[in-house]
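Listed below are the residues making up each chain.
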Amino acid sequence: MSPLRMLHLAPLLACAPLFLSACGDDNDDDSLQPDTAQFKVMTRNIYLGGNIELLATAQAPQDIPALAARIYTTVQATQFAERAKLIADEIQSTDPALIGLQEVSLFRTQSPSDFSSNPLPNATTVTYDFLAILQAELQSRGLNYRVAATIQNADAEVPAALAGNATDLTDVRLTDRDVILARGDVQIANVETANYDYAQDVPVGGASIRFTRGYAKLDATLDRVSFTFVNTHLETLRPGNENQAAELATLVNGFKRPLIVVGDMNSGPGAVTTGYDTLVSANTGLVDAWTRVGTGNGFTCCFSETVNDTSTAALDERIDLVLFAGEAKAIDVRSAVVVGGDLENRSASGLWPSDHAGLVVEFFVSR
């Protein structure tokens, strides 16, 4: 045999005694094994702190300052700094890879008010930044979460009689945001944020406030497995809920799969709004994770505006959802657990983490 031919055979001969467990063993070749990832995701409406819908009860412009003052006083009383500790506790104990947050509020004020001459949002003095407060709590625990995507929704400002005097007004500005937090080991790409075309106009004292809502989408990679993640907060009123659900259904049909969609959908099984039926359908392929692995009613909404309820009786709707789509061999759901809905989840002063409970779902995704 020629020396050249012997060179070609040498690697094969070297492996021959070990062929059952070495050179030709598919089980040890990572490139031939499907990559898999097992992880949790969370959806969490953290509550703006007051009942903004009270403004809709204003019959005339002069009604607005007293109502706005009542809402802002409730925001102060519901103490997000205290509630953020409870939400951070939830995140620490469940360790989600991705978190969809809704109602991540930014409050700003301006005194004296210039609303009568300039009704556009222009207050700049920050009084509460819910995102900064929650991030500080996470960092204090050594938890590595970063902001992966933010969508700014409604941005509205109204005059408030904070001093109890109708002639001494302070402008209060609320900027609503939805945020995706990503754990440090999750790689992020292709971030997309947008507001829905349809925005609900709500009559307020002879005028109206437009409640803009939106979504944030990104492609995530964990343990070499990639999937799409979407966070949203749909309108609570009709027809906004249905119209935005229809927009979202069209959007997700163009997103890569495996796909996970989380959010406060303001709709669920048996709800008055019907956005749920549009999303969880053969058209989108989205499946409601709770219907697969959840135990019990899964109710997540809603405690009172003061979030100091002494029982869980107020939780009577399942509208905070985790939905998913993809081939069965590519994505599977393992567990679904409601968080922040038990009496022991309250703070020492009796506050719930939010007016909603949250939902944590565990997935198994393969490439």
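Calculation notes
- Residues numbered from 1 in each chain as written.
- Predicted model: local features only at pLDDT ≥ 70, side-chain atom pairs only at ≥ 80, totals over all residues.
- Heavy atoms only, no water.
- Helix = DSSP H or I, 4+ residues; strand = E, 2+ residues; numbered from the N terminus.
- Buried < 20%, exposed > 50% of the residue type's maximum accessible area, 1.4 Å probe, protein only.
- Areas by Shrake-Rupley, 256 points an atom, 1.4 Å probe, with all protein chains shown as cover.
- Lys, Arg positive; Asp, Glu negative; His and termini not counted.
- Charge placed at Lys NZ, Arg CZ, Asp CG, Glu CD.
- Expected span 1.5 Å × (residues − 1).
- Contact = heavy atoms within 4.5 Å.
- Core = buried A, V, L, I, M, F, W, Y, C linked by side-chain atoms within 4.5 Å.
- Salt bridge = Lys/Arg side-chain N within 4 Å of Asp/Glu carboxyl O.
- Pairing = 2+ DSSP bridges.
- pLDDT = per-residue confidence, 0-100.
- Disulfide = S-S within 2.5 Å.
- Axes fitted to C-alpha atoms, helices over the stretch in contact; angles between N-to-C directions.
- Parallel < 35°, antiparallel > 145°, perpendicular 65-115°, else oblique.
- Left-handed = near helix turned anticlockwise from the far one by under 90°.
- Phe/Tyr/Trp six-rings, centres within 6.5 Å; stacked < 30°, edge-to-face > 60°.

S.K.: Which residues make up the overall build of the protein chain, and what values do they have?
M.R.: Counting its secondary structure elements, the protein chain contains seven helices and 16 strands. Projected onto its principal axes, the C-alpha coordinates of the protein chain cover approximately 105 × 45 × 40 Å. In the protein chain, which comprises 367 residues, the proportion classed as buried is 50%. For the protein chain, the exposed surface amounts to about 16400 Å²; the carbon and sulfur share of it is 52%. Across the protein chain, 25 positive and 45 negative side-chain charges occur, with their mean positions spaced 5 Å apart.

S.K.: I'd love a proper account of helix H2 (residues 64-77), names of residues and values included.
M.R.: Helix length check: H2 (14 residues) gives 20 Å between terminal C-alpha atoms against 20 Å at 1.5 Å per residue, within 8%. Buried residues of H2: Ile64, Pro65, Leu67, Ala68, Ala69, Ile71, Tyr72, Thr74 and Val75, and no others. Just downstream of H2 lies glutamine 79, where phi reads positive at about 45°.

S.K.: Describe helix H3 (residues 80-94), and please don't skip the residues or the numbers.
M.R.: The first and last C-alpha atoms of H3 sit 21 Å apart over 15 residues, in line with the 21 Å expected at 1.5 Å per residue. Of the positions making up H3, those classed as buried are Phe80, Glu82, Arg83, Ala84, Leu86, Ile87, Ala88, Glu90, Ile91 and Thr94. On its buried face, H3 is in contact with strand E1 (36-45), strand E2 (98-102), helix H4 (130-140), strand E5 (145-160), strand E15 (331-339) and strand E16 (358-366).

S.K.: An account of the nonpolar core is needed here, citing residue identities and associated values.
M.R.: In this structure, Leu55, Ile91, Leu101, Leu134, Leu138 and Leu181 are the most contacted members of the largest nonpolar core, which totals 40 residues. Of all the elements in the fold, those that place two or more residues in this core are H2, H3, E2, H4, E5, strand E6 (170-183), strand E8 (200-204) and strand E9 (207-211). Considering each element in turn, this core owes the most residues, seven residues, to H2. Residues within four places of leucine 181 in sequence aside, it is in contact with Ala97, Leu98, Ile99, Leu101, Leu131, Leu138, Tyr145, Arg146 and Val147. In terms of nonpolar packing, the next biggest core, distinct from the first, is built from 31 residues, Val41, Ala97, Ile180 and Ala336 among them.

S.K.: Pulling in residues and values, what's your account of the pattern of salt bridges?
M.R.: What the rule picks out here adds up to 19 salt bridges. With its nearest N and O atoms 3.7 Å apart, the salt bridge here joins aspartate 332 to arginine 334. Given a relative accessible area of 32%, aspartate 332 falls into the partly exposed group. Members of the salt-bridge network, linked through shared partners, are Lys85, Asp89, Glu137 and Arg141.

S.K.: Give a detailed account of the sheet that holds strand E10 (residues 214-222), specifying residues and quantitative values.
M.R.: With mixed pairing, six strands are arranged side by side in an open sheet as E7-E10-E11-E12-E14-E13. With partners counted over all chains shown, the strands left at the sheet margins are strand E7 (187-195) and strand E13 (287-288), one partner each. Direction of pairing for E10 relative to strand E11 (residues 225-233): antiparallel, over a ladder of eight bridges. Each bridged residue has a counterpart across the sheet, and for alanine 220 the counterpart in E11 is phenylalanine 227.

S.K.: Describe the side chain of arginine 108, naming the residues involved and giving the relevant values.
M.R.: Summarising the element assignment, arginine 108 is placed in strand E3 (residues 106-110). In this structure, arginine 108 is buried with no salt-bridge partner, the nearest side chain bearing the opposite charge being aspartate 155 at 4.4 Å. With residues near it in sequence (within four places) discarded, arginine 108 still touches Ala123, Thr124, Thr125, Val126, Thr127, Asp155, Asp171, Val172, Arg173 and Thr175.

S.K.: I'd like to hear about the confidence of the model for the protein chain, residue by residue, with values.
M.R.: Here the protein chain averages 92 in pLDDT, while 91% of its residues score no lower than 70. For the protein chain, the element scoring lowest by mean pLDDT is helix H1 (residues 3-15), at 39; E2 scores highest, at 99. With pLDDT under 50 throughout, residues 1-32 is counted as low confidence; its partners more than four residues away or in other chains account for 10 contacts.

S.K.: How would you summarise the state of the cysteines if you had to cite specific residues and measurements?
M.R.: Tallying each qualifying case throughout the model produces one disulfide. The residue that forms a disulfide with cysteine 301 is cysteine 302, at a sulfur-sulfur distance of 1.4 Å. Sign of the S-S torsion, about -80° for the bond between cysteine 301 and cysteine 302, identifies this disulfide as left-handed. Cysteine 302 sits in the partly exposed class, given a relative accessible area of 24%.

S.K.: Could you give me a rundown of the environment of leucine 315, with the residues and numbers involved?
M.R.: Among the secondary structure elements, leucine 315 is positioned in the loop between helix H7 (289-293) and strand E14 (320-325). When neighbours within four sequence positions are excluded, leucine 315 is seen to be in contact with Phe299, Thr300, Cys301, Cys302, Phe303, Gly341, Asp355 and Ala357.

S.K.: So, the packing of H3 against H4: which residues are in play, and what are the values?
M.R.: Interaxial distance between H3 and H4 falls to 9 Å at its minimum, and their mutual angle equals 50°. With respect to H4, the axis of H3 lies oblique. As for how H3 packs across H4, the hand of that crossing is right-handed. Listed contacts from H4 to Phe80, Ala81, Arg83, Ala84, Lys85, Ile87, Ala88 and Ile91 of H3 are Phe130, Ile133, Leu134, Glu137 and Leu138.

S.K.: Give me the lowdown on the packing of aromatic side chains, citing residues and values where you can.
M.R.: If you walk through the whole model with that rule in mind, you get 10 aromatic pairs. Ring plane angle 10° and centroid distance 4.6 Å describe the contact between phenylalanine 39 and phenylalanine 227, whose orientation is recorded as stacked. Here phenylalanine 39 is found in strand E1, whereas its partner phenylalanine 227 is found in strand E11, with 188 residues between them in sequence. When its relative accessible area of 3% is taken as the criterion, phenylalanine 39 is described as buried. Overall, phenylalanine 227 belongs to the buried group, its relative accessible area being 3%. Aromatic pair phenylalanine 303 and tryptophan 352: ring centres 4.1 Å apart, planes at 15°, arrangement stacked. Of this pair, phenylalanine 303 sits in the loop between H7 and E14 while tryptophan 352 is found in the loop between E15 and E16, placing the two residues 49 residues apart along the sequence. The exposure class assigned to phenylalanine 303 is buried, which follows from its relative accessible area of 4%.

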